[in-house]
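Residues per chain, in single letters:
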Amino acid sequence: MSQKRNIIPWLFIAPSLAIFTTFHFFPLAILVYASFTKWNLISPPQFIGLENYLKVISDDLFIKSLFITITFVFTSIIINVILSLGIALLTEKPNSKLATLCRFIIFIPYVLPDAASAGIWNLLFFPHPSSPVNVLLSQLGIGWQGWIEDKNLALPTIILYYIWKNVGFSTLVYVAGLKAIPKIFYDAAEVDGASRLDTIKYVIIPLLKPITLFILITSLISGWQSFTDIFVLTKGGPGTATTTLSIYIYHTAFGEGLAGRAAVAAIILFIITLALTIIQLRYIKSE
Amino acid sequence: MGEKVSRRDYLKVLGGTVGGLVVGAAIGYLAAPGKVVEKTVERTVTQTITATPTVTPTTPAKKVELPGWQWGAEYEAVNKALETIANEWNAAHPEAIVKYTIFPELTEVEYALKVRQAAEAGKPPALFYMTNTTILTDLASDGYLEEPPSDVLDTVKKAIDPAFHYMLNMYSPEGEVKPYAGAVTIGLSACALYYNKRLFSEVGLDPNKPPQTWDELIDAAKALVKRDSTGKMIRAGYSVRRGGNPGGIGEKFIPFAVGNGAKIIYKEGNKWYTDINEKPVIEAAQFLYDLIHVYKVDDLEFPSWGYDPWLNETCAISGPLGVGFITNVQSSKPEMLPYVGVTNVPSPGGIKTACSFGDLNVIAVCSKATKEQKEKAWEFIKFFNSPTNIRRISNDIWNWTPYKDSINNPPFSTEKAWQELNKVLSNVGRPHIVNEYGPGWLTLTYTLGENLKRAFTKEVSVKEALDRTYEKWTEYMKTLKFYSG
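Just so we're clear, the structure is a prediction, and the values are computed from it rather than from any experiment.

Caption draft 1: Expanded view of the overall build of chain A. Secondary structure assignment for chain A yields 13 helices and two strands. Once the C-alpha set of chain A is aligned to its principal axes, its extents read approximately 75 × 70 × 30 Å. When the 287 residues of chain A are sorted by exposure, 36% land in the buried category. Across chain A, every contact between residues at least 6 apart in sequence was considered, and the portion connecting residues at least 24 apart equals 66%.

Caption draft 2: Focus on the overall build of chain B. Within chain B, the secondary structure is distributed over 17 helices and 16 strands. Restricting to contacts in chain B with at least 6 residues of sequence separation, those with at least 24 account for 80%.

Caption draft 3: Representation of the nonpolar core in the model. Counting 190 residues, the largest nonpolar core has Ala 265 of chain A together with Leu 136, Ala 221, Phe 253 and Ala 285 of chain B as the members making the most contacts within it. Mapping this core onto the domain boundaries places at least three of its residues in each of domain 1 (64-190 + 359-432) and domain 2 (192-357 + 437-477) of chain B. Excluding residues that lie within four positions of it along the chain, Ala 265 of chain A makes contacts with Val 56, Phe 62, Leu 245, Tyr 248, Ile 249 and Thr 252 of chain A.

Caption draft 4: Up close: the interface of chain A and chain B. If you look at the interface, chain A gives 36 residues, while chain B gives 36 residues. Contributing elements (two or more residues each) for the side of chain A that touches chain B: helix H1 (2-34) and helix H12 (245-255) of chain A. The dominant element in the side of chain A that touches chain B, judged by the number of residues it contributes, is H1 of chain A, at twelve residues. Considered class by class, the residues forming the side of chain A that touches chain B number 16 nonpolar, 14 polar and six charged.

Caption draft 5: Local environment of the packing of helix H3 (residues 60-91) of chain A against helix H10 (residues 209-225) of chain A. Residue and element names in this part refer to chain A. Where H3 meets H10, the axes come as close as 10 Å, and the angle between the chain directions of the two elements is 150 degrees. Between H3 and H10, the angle falls in the class roughly antiparallel. Classified by chirality, the crossing of H10 by H3 is right-handed. Touching Thr 69, Phe 72, Val 73, Ser 76, Ile 77, Asn 80 and Val 81 of H3 are Thr 212, Ile 215, Leu 216, Ser 219, Leu 220, Gly 223 and Trp 224, all from H10.

Caption draft 6: Highlighting the environment of Asp 405 of chain B. Take Asp 405 of chain B: it is sitting in helix H14 (residues 404-407). Sequence-wise, Asp 405 of chain B and Ala 159 of chain B are 246 residues apart; in three dimensions their C-alpha atoms are separated by 7.6 Å.

Caption draft 7: Broad picture of the sheet that holds strand E12 (residues 315-321) of chain B. Residues and elements named next belong to chain B. Read from one edge to the other, the open sheet built from five strands follows the order E8-E9-E12-E7-E13, with strand pairing classed as mixed. Bordering the open sheet on either side are strand E8 (226-227) and strand E13 (340-343), each of which pairs with just one other strand. Sheet analysis places strand E7 (residues 192-196) next to E12, joined by three bridges and oriented antiparallel. The residue bridging Ala 192 from the neighbouring strand is Leu 321, located in E12.

Caption draft 8: Expanded view of the pairing of E12 of chain B. Residues and elements named next belong to chain B. Judged by how many residues are buried, E12 sits mostly within the fold: seven of seven residues are covered. Judged from the two bridges that link them, strand E9 (residues 233-238) and E12 form a sheet pairing that is parallel. Residue pairing for E12: Ala 236 is matched across the bridge by Cys 315.

Caption draft 9: Region of interest: the environment of Val 167 of chain A. Mapping Val 167 of chain A onto the fold places it in helix H7 (residues 154-180). Between the alpha carbons of Val 167 of chain A and Ser 84 of chain A there is a distance of 5.5 Å; along the sequence they are 83 residues apart.

Caption draft 10: Expanded view of the domain arrangement of chain B. Residue and element names in this part refer to chain B. Partitioning chain B into structural domains gives domain 1 (64-190 + 359-432) and domain 2 (192-357 + 437-477). Taking only C-alpha atoms into account, the centre of domain 1 sits 26 Å from that of domain 2. Taken together, the contact between domain 1 and domain 2 spans 34 residues of the former and 38 residues of the latter. Only helix H3 (108-120), helix H4 (134-141), strand E6 (183-188) and helix H15 (416-427) provide two or more residues apiece to the side of domain 1 that touches domain 2.

Caption draft 11: Examining the confidence of the model for chain A more closely. Put simply, chain A has an average pLDDT of 89, and 97% of its residues get 70 or more. Summarising per-element confidence for chain A, the mean pLDDT is lowest in helix H4 (residues 97-111) of chain A (83) and highest in helix H2 (residues 51-57) of chain A (95).

Caption draft 12: Highlighting the pairing of strand E3 (residues 127-130) of chain B. Residues and elements named next belong to chain B. Burial along E3 is two-sided: the residues Leu 127 and Tyr 129 and Phe 128 and Met 130 are all buried. Two elements, strand E1 (residues 64-71) and E3, share four bridges in a ladder whose sense is parallel. Pairing of Gly 68 across the sheet is with Leu 127, part of E3. Relative to strand E15 (residues 360-365), E3 runs antiparallel, the two being bridged by three bridges. Bridge pairing in E15 links Leu 127 to Val 365.

Caption draft 13: Structural context of the packing of helix H16 (residues 441-456) of chain B against helix H17 (residues 462-477) of chain B. Residues and elements named next belong to chain B. Packing of H16 against H17 brings their axes to within 9 Å, and their N-to-C directions diverge by 155 degrees. Classified by the angle their axes make, H16 and H17 are roughly antiparallel. The two elements H16 and H17 meet at a crossing, and its hand is right-handed. Counting all contacts with H16, which are made through Thr 443, Leu 444, Thr 447, Leu 448, Asn 451, Leu 452, Arg 454 and Ala 455, the residues of H17 involved are Val 462, Ala 465, Leu 466, Arg 468, Thr 469, Lys 472, Trp 473 and Tyr 476.

Caption draft 14: Spotlight on the confidence of the model for chain B. Residues and elements named next belong to chain B. With 82% of its residues at a pLDDT of 70 or more, chain B shows a mean pLDDT of 83. Contacts of residues 23-55 to residues separated by more than four positions or lying in other chains number 56 contacts, the stretch itself having pLDDT below 50. Interface scoring of the predicted complex returns ipTM 0.84; its pTM is 0.82.

Conventions used here
Position numbers for residues count from 1 along each chain, tracking the sequence in the order it is written. Here chains are named by letter from A upward and ligands by number from 1 upward, in the order in which they appear as written. In keeping with the predicted nature of the model, local features appear solely for residues at pLDDT of at least 70, side-chain atom pairs appear and are counted solely at 80 or more, and the whole-chain, interface and lining totals rest on all residues. Segments assigned H or I by DSSP are reported as helices when at least four residues long, segments assigned E as strands when at least two residues long, and all are numbered from the N terminus. As a rule, residues whose C-beta atom has 12 or fewer other C-beta atoms within 10 Å are exposed, those with 20 or more are buried, and those in between are partly exposed; C-beta atoms are placed from the backbone. We call two residues in contact if the C-beta atoms placed from their backbones are at most 7 Å apart. By convention the nonpolar core is taken to be a set of buried residues drawn from Ala, Val, Leu, Ile, Met, Phe, Trp, Tyr and Cys and joined through C-beta atoms within 7 Å. Where each domain starts and ends follows an automatic or database-derived domain assignment. We call Asp, Glu, Lys and Arg charged. Ala, Val, Leu, Ile, Met, Phe, Trp, Tyr, Cys and Pro are nonpolar, and the rest, Gly among them, are polar. Comment: axis = line fitted to C-alpha atoms, over the contacting stretch for helices; angle = value between 0 and 180 degrees taken between N-to-C directions. Reported orientations rely on four angle classes, namely roughly parallel under 35 degrees, roughly antiparallel over 145, roughly perpendicular from 65 to 115, and oblique for the rest. Crossings are assigned a handedness: left-handed for a near helix turned anticlockwise from the far helix by less than a right angle, right-handed for a clockwise turn. Here, strands pair whenever DSSP counts at least two bridges between them. Per residue, pLDDT measures the predictor's confidence, with a range of 0 to 100.

Structure representation (structure tokens):
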């Protein structure tokens, strides 16, 4: 009887395990194999050992795309966390219709499909004097900007886009976290004579640590893998100013037909994401 | 907490995991090709033609479906005409339904990959509708195109002006030049430059003397460029393509290189080579680079490329662009039509060495389709080539196709812009026979585009960009059966 009971859970798990294996482990195994081959996605792969690894590591564009990804991910995450916490603190008041409306408006970009929101952004920041943002800047006397066509502004524009798109979700998670903090902590702080700033610093931020870590992990993974929106907005350009690792992988595999090299870059991307996630999870555990 | 796990439990977990892995791997192996195709289809706009019977159908024998995949979204009028022809065929032939699908978002490389994967999965399209025949050159040399029966070939050759017959040809997998196209659908992706005659007059240039050489292009573009009081560009003299689909960047550059004597891809013995990092190509790339950075007739931050900047007069000379440019002016801003001037893609030797990017948009049949599908597909193409349908896809909707009857009838015989284009196309000294360019063409234009982007934004030198293109294309060619030395 006991033995039977122990098997049943595994029967329930087996279908999802099979699906997970099919769509995650199996492609991962193919990816690892492909990284040791010369392959164009159609012709039979030819085993070439470590050649792809050596070529990718010595490719200046790969190194550049790695730095672009790091800049993109870390800048956008840091700003996103600070901004969303700030918005959550400002809009957490219960029964405030204005606060609810604000949260709703901020959340809209998050639920839009990537291609659609990137399309909206493209219209707003179109590099022409007549685009809405440029008209506004001109009225303020700043003059119009090239945005995604300007190699110095393209990456900051993408970072701005990423924050606009994701700040709503992080805010919502923070608001939920704030609501979960028992009132007793605020009362205790008040009794101790803590100012609002002190309460934020010594009560709210420490208690929201698990929430912050959750946002960091999810943003980190999605940031590293970001593709659709960047592809729609800039296709990695101008030049290679916004070529992140995902865009590099796409160009190498589907444009240049060098799937083996792309597999190496994908494995490196996977290892970095995995390492960062493990570090963060260990940190949570130690806390 | 701290509960001891027995060896038996470990074995169960291990057994469950291994079992799941084995089952999953088996499902993955069986399902993988189909899944890939399905995923690609998600990103497309599908227009399935539903038949409205206008002709009494014959008794159906064996029902065959003819998936017809069109790369790229054309003008609404052209798509509608193609759809109408398919509709009428379907009404009369319920035993062979053409399922016309447009893939507007795929790049050339993605489309070709999709075809290959679909064929591997046993579900290839029967018909290729092309608005870009460079894809077909790739598929032809890889064995995906069926040679037309002689009667189909005769029909299409009789209908097309002889000057364009060579554009039906492509390289076979054996490296022989053979005709593969069965019908012409959407005209010719010829590359010409389109200039604004009104702006030419405004700045004191002769609107009837367009630039034909590199030096003339520099002079004209310098006269036409306009900046505001802060020095920011408000009108480009000439637009250098450096954004969007990398394949497009490479493709629009190549006429300049060919006009300067480059061969791009060529065959010697059984091997294919490229001169992509040699002198004629380096000089052409340097010329475009200089237009941006030395002569400053275009700014990298300024959106100058495409139809709209020309129509809005924020770019004075556009191209190389296809014949659809004029169709687009006619449909979007007809009042601009009298200002359309057409000239050849400039080359150092002028029109004598200029290159017309001859690229017929055609319908071809997939060699991997079933025998029944292929038979019906050729029948459909014969139906497509009827005089009524030719008129419908050309004269009726202002879609210039090189059919004799179209060229010699209004609007093409009367409208000035069309006449100028025709003159340019028939007078160029070095027709650029893109259809005959062999294996690896798409990959080369894509890789070239990616690297030219870097050169134009000063990330690497022109030479480095072209060396990199050479290195990557050569590596790609080694994955094919066509070895490149």
